[in-house]
Amino acid sequence: EVMSDIFDLTNVENKLKECLGLAEVIVVPGDSDEAPWVKKEMGRATVQLMKRYLAYEETKIVALTGGTTVAAVAEMMTPDSEMKETLFVPARGGLGEQVENQANTICATMATKAMGHYRLLHVPDQLSQDSYSSLMEEPKIKEILDLIRSANLVVHGIGEATTMAQRRSSSEEILQTLHEKQAVAEAFGYYFNQNGDIIHKVLTIGLQLEDVIKTKSVVAVAGGTSKAHAISAFMKQKTSNILVTDEGAAKALLELH
Ligand code: F6P
């Protein structure tokens, strides 16, 4: 029974890798929509994967996004020789998450558990164009932005567009735009339609999508049957090359493709 289940998931991983055009796909058993421990298993799998990828890097810099799934990765982090040399940084500034789900918080937690290092990015949510421009001129900010852009590993979440806009208490106007333009996915503060086109972007400093594309290893961690459409849409951007997901999302994704 157990052996055939494992074989089945390996099969799902290979099929997904092929149809999404990714370098690696890891599928953990279960559906995180239904069982909370499945998110922790995705976290555990991501930690193993991070250690494997970082082993090859001379300078080890990891950029992280916020969200409950990347928070689960931080929770499952354990120290080792690779991790002690790793610097953790947030990928982007304020995106309107609660403190425990903010990239900064997750960064500090993960670095502490890894016995590694971290640097934070203190930027308010909902920047005006003026404050955005002046922040970009701050030497301290410039310094950390350079570090963030030199990350060789990015670990990020993917969310369902409406869920994310509501979680961020976005304005009626934004909710309307997302509805009209049929947003289905969100990642890095960008919203996408089913074809993977960008239809809206949150103004904040840090990694822009064009920087993420240049990063060597980009790991998306997202699961639950309810996220299948969002994962499918975001993967059309070809920004991430690795996916850690669960059986629920994986099976729904295969039905979509
Ligand atoms: O807000 C940060 C973020 O990583 C979003 O880009 C993403 O859509 C969301 O969190 C995922 O959150 P969760 O893992 O809680 O579904």
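Below: a short report on this structure.

About the cut-offs
- Residues numbered from 1 in each chain as written.
- Predicted model: local features only at pLDDT ≥ 70, side-chain atom pairs only at ≥ 80, totals over all residues.
- Heavy atoms only, no water.
- Helix = DSSP H or I, 4+ residues; strand = E, 2+ residues; numbered from the N terminus.
- Buried < 20%, exposed > 50% of the residue type's maximum accessible area, 1.4 Å probe, protein only.
- Contact = heavy atoms within 4.5 Å.
- Polar contact = N/O pair within 3.5 Å; in protein donor to acceptor, adjacent residues only side chain to side chain.
- Near = heavy atom within 4 Å.
- Areas by Shrake-Rupley, 256 points an atom, 1.4 Å probe, with all protein chains shown as cover.
- Core = buried A, V, L, I, M, F, W, Y, C linked by side-chain atoms within 4.5 Å.
- Salt bridge = Lys/Arg side-chain N within 4 Å of Asp/Glu carboxyl O.
- Pairing = 2+ DSSP bridges.
- Right-handed = clockwise from strand over helix to strand, strands pointing away.

1. Considering the environment of aspartate 31
Relative to the elements of secondary structure, aspartate 31 occurs in the loop between β1 (24–28) and α2 (37–54). We classify aspartate 31 as buried; its relative accessible area is 12%. Separated by 172 residues in sequence, aspartate 31 and leucine 203 place their C-alpha atoms 33 Å apart. Those residues in contact with aspartate 31 that lie beyond four places of it in its chain are Val38, Gly224, Thr225, Asp246 and Gly248. Only 2.9 Å separates the side chain of aspartate 31 from the backbone nitrogen of aspartate 33, close enough to count as a polar contact.

2. A look at the site of the ligand
Close to the ligand lie 16 residues, the nearest being Thr68, Thr69, Glu97, Glu186 and Lys227. Within the backbone of glycine 66, one N or O atom sits 2.8 Å away from an oxygen atom of the ligand. Contacts to the ligand include phenylalanine 188, whose backbone N or O atom sits 3.3 Å from an oxygen atom. About the coverage of the ligand: the protein hides 96% of its 400 Å² of free accessible area. Of all the secondary-structure elements, those providing two or more residues to the shell around the ligand are α3 (68–76), α8 (161–167) and β7 (183–187).

3. Things to note about helix α11 (residues 228–235)
With seven of its eight residues buried, α11 lies for the most part within the structure. Residues of α11 that are buried: Ala228, Ala230, Ile231, Ser232, Ala233, Phe234 and Met235.

4. Remarks on the nonpolar core
Ile158, Phe188, Ile231, Phe234, Met235 and Leu243 are the most contacted members of the largest nonpolar core, which totals 48 residues. Tallying contributions element by element places α11 first for this core, with six residues. Non-local contacts of phenylalanine 188, meaning those with residues more than four positions away in its chain, are made with Thr65, Ala91, Arg92, Leu95, Val154, His156, Leu209, Val212 and Phe234. Counting residues in hydrophobic clusters, the runner-up holds 31 residues, among them Ala45, Val47, Ala114 and Val221.

5. Here's the deal with the side chain of glutamate 97
Along the polypeptide, glutamate 97 turns up in the loop between β3 (86–90) and α5 (103–114). Not counting residues up to four positions away in its chain, the partners in contact with glutamate 97 are Gly67, Gln102, Asp125, Met164 and Arg167.

6. Topic: the pattern of salt bridges
One pass over the full model with this rule turns up 14 salt bridges. Residues arginine 52 and glutamate 24 are paired through a salt bridge, measuring 2.7 Å at the closest nitrogen-oxygen approach. Placement of the pair is arginine 52 in helix α2 and glutamate 24 in strand β1, with a sequence separation of 28 residues. Classification of arginine 52 by relative accessible area gives partly exposed; the value is 41%. For glutamate 24, a relative accessible area of 16% corresponds to the buried category.

7. What about the pairing of β3?
For β3, a buried count of five out of five residues is recorded, marking the element as mostly surrounded by other parts of the structure. Of the two faces of β3, the one lined by Thr86, Phe88 and Pro90 and the one lined by Leu87 and Val89 are each fully buried. Across five bridges, the pairing between strand β2 (residues 60–64) and β3 is parallel. Within β3, the residue paired with valine 62 across the bridge is phenylalanine 88. Looking at chain direction, β3 and strand β4 (residues 117–118) are connected through two bridges and run parallel. Across the sheet, phenylalanine 88 pairs through a bridge with tyrosine 118, a residue of β4. Remark: the β3/α5/β4 crossover connection has right-handed handedness.

8. Brief notes about unusual backbone geometry
Here the phi dihedral of methionine 115 falls at roughly 60°; this positive angle occurs in a residue that is not glycine. Structurally, the position occupied by methionine 115 is in the loop between α5 and β4. For lysine 238, which is not glycine, the phi torsion reads 60° and is therefore positive. In this fold, lysine 238 is placed in the loop between α11 and β11 (242–246).

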